[in-house]
Amino acid sequence: MNDKTVVLNAGIVNYDGKIDYSTISSDVKCYDETDECQILERVQGFNIVVTKEMRLSRDIILDFPDSVKMICEAGTGYNNIDLEAVREKNIILCNIPDYSSKRVAHTAIMLMLNLASSVQKQLRMLAQDNHDNFHKHLMVDHVELNGKTLGVIGYGHIAKEIIKVAQALDMNILVSTRTAREDKDGVRFTTAETVWTQSDFISLNCPLTPQTHHMIKEDTLALMKNTAFIINTARGPLIDEGALIKAINTGVIAGAGLDVQEVEPLADTSPLYSMDKVIITPHIGWRGLETRQRLISIIKNNITAFSQGKPINVIQ
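Residues numbered from 1 in each chain as written. Predicted model: local features only at pLDDT ≥ 70, side-chain atom pairs only at ≥ 80, totals over all residues. Heavy atoms only, no water.

A. Seen up close, the pattern of salt bridges. Per the stated rule, a full pass over the model turns up eleven salt bridges. Note that Arg58 is salt-bridged to Glu88, the shortest N-O span being 3.0 Å. Within this pair, whereas Arg58 is found in helix H2 (residues 58–62), its partner Glu88 is found in helix H3 (residues 83–88), the two being separated by 30 residues in sequence. Residue classification places Arg58 among the partly exposed positions, given a relative accessible area of 31%. The partner of Lys225 in a salt bridge is Asp200, and the shortest N-O contact between them spans 3.0 Å. Pair noted here: Lys225 is in the loop between helix H9 (218–223) and strand S10 (229–232) and Asp200 is in the loop between helix H8 (192–198) and strand S9 (201–204), with a separation of 25 residues, a long-range link. Taking the relative accessible area as the measure of exposure, Lys225 reaches 29% and is therefore partly exposed. One network of salt bridges, in which partners are shared, links Arg58, Glu84 and Glu88. (Salt bridge = Lys/Arg side-chain N within 4 Å of Asp/Glu carboxyl O. Helix = DSSP H or I, 4+ residues; strand = E, 2+ residues; numbered from the N terminus. Buried < 20%, exposed > 50% of the residue type's maximum accessible area, 1.4 Å probe, protein only.)

What follows is the structure in structure tokens.
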């Protein structure tokens, strides 16, 4: 069979030992992690290469052996892979769409709910043995989500799941997307500028491209309400973190919920760790157990379809 598969960084998905890669093809070799200098050696003789958010540069892909016929990115985004080089080598690239949409959406909603209730600051007060929230009046900001406006950038699977839950919470919805659409089901499609200026919460749900890199920057932030929060469960570099930190510290916007950061892992020296108006999580949106099990199942489906000459979830 033409399904001899190597997984170069299985440890990212199987960090707790609860995920079984052995089922994805008839012949699987797994490495928990692979340094860039080890990639070419480890893909020798394999037909399929599976990676998770690992950078595959142009030079490395062009040096892949002829045996490699498919790369499977074990996630939705593929900005880490040089598409032109994949095309030149005539390698099929596929991804895993919609495996984590609900879980990532719930992460975005969780961040909004926690920011609305100043949970970060409340937990820090408890850690400092400060019980003023219990013995005095509530010492932190505490607002409702119902009636607030959620602005969404992008309209893919995750964005639609976020909108579904937000509407159940009686939020008003604005969406900016590259494709012009008619308003429907309580969703108003509009411009990015309208989203920036009118939203109380802004959720980023678009891919990272040269056009979207640092879409949230000083000029963008200046357009927003000083009571607005930014939620990013997509890709960290959509936001200029330096500009974001400055905007929050100076009151330009109210705060942020970040499941992704500009550079991951986030440096220990980052001020984001200690800001009361920022909630950060270590890219947990896709890491639920059931989510990862679903990921493995779709990887298997991709490989099976490829080996039968009918590849699915093909990017190019």
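B. Geometry of the packing of aromatic side chains. This structure, assessed with the given rule, holds two aromatic pairs. Note on Tyr155 and Phe189: the rings are 5.0 Å apart at their centroids and 85° apart in plane angle, and the pair reads as edge-to-face. Note that Tyr155 is positioned in the loop between strand S6 (149–153) and helix H7 (157–168) and Phe189 in strand S8 (residues 187–189), a separation of 34 residues in sequence. Residue class for Phe189 comes out buried when judged on its relative accessible area of 12%. The interplanar angle of 15° and the centroid separation of 5.3 Å between the aromatic rings of Phe201 and Phe229 together place this pair among those described as stacked. Here Phe201 is found in strand S9, whereas its partner Phe229 is found in strand S10, with 28 residues between them in sequence. On the basis of relative accessibility, which here comes to 2%, the residue Phe201 falls in the buried class. According to the relative accessible area criterion, Phe229 is buried, its value standing at 13%. (Phe/Tyr/Trp six-rings, centres within 6.5 Å; stacked < 30°, edge-to-face > 60°.)

C. Representation of the domain arrangement of the chain. Domain assignment breaks the chain into domain 1 (5–99 + 288–308) and domain 2 (101–280). Once you take the C-alpha centre of each, domain 1 and domain 2 turn out to be 31 Å apart. Counting residues at the interface gives seven residues for domain 1, matched by five residues for domain 2. Both sides of the domain 1 and domain 2 interface together cover about 540 Å² of buried area, and 41% of this is carbon and sulfur. For the domain 1 face of the interface with domain 2, the top three residues by lost area are Glu53, Asn79 and Asp98, together amounting to 64%. (Domains from an automatic or database assignment. Contact = heavy atoms within 4.5 Å. Buried area = accessible area lost by both parts, 1.4 Å probe.)

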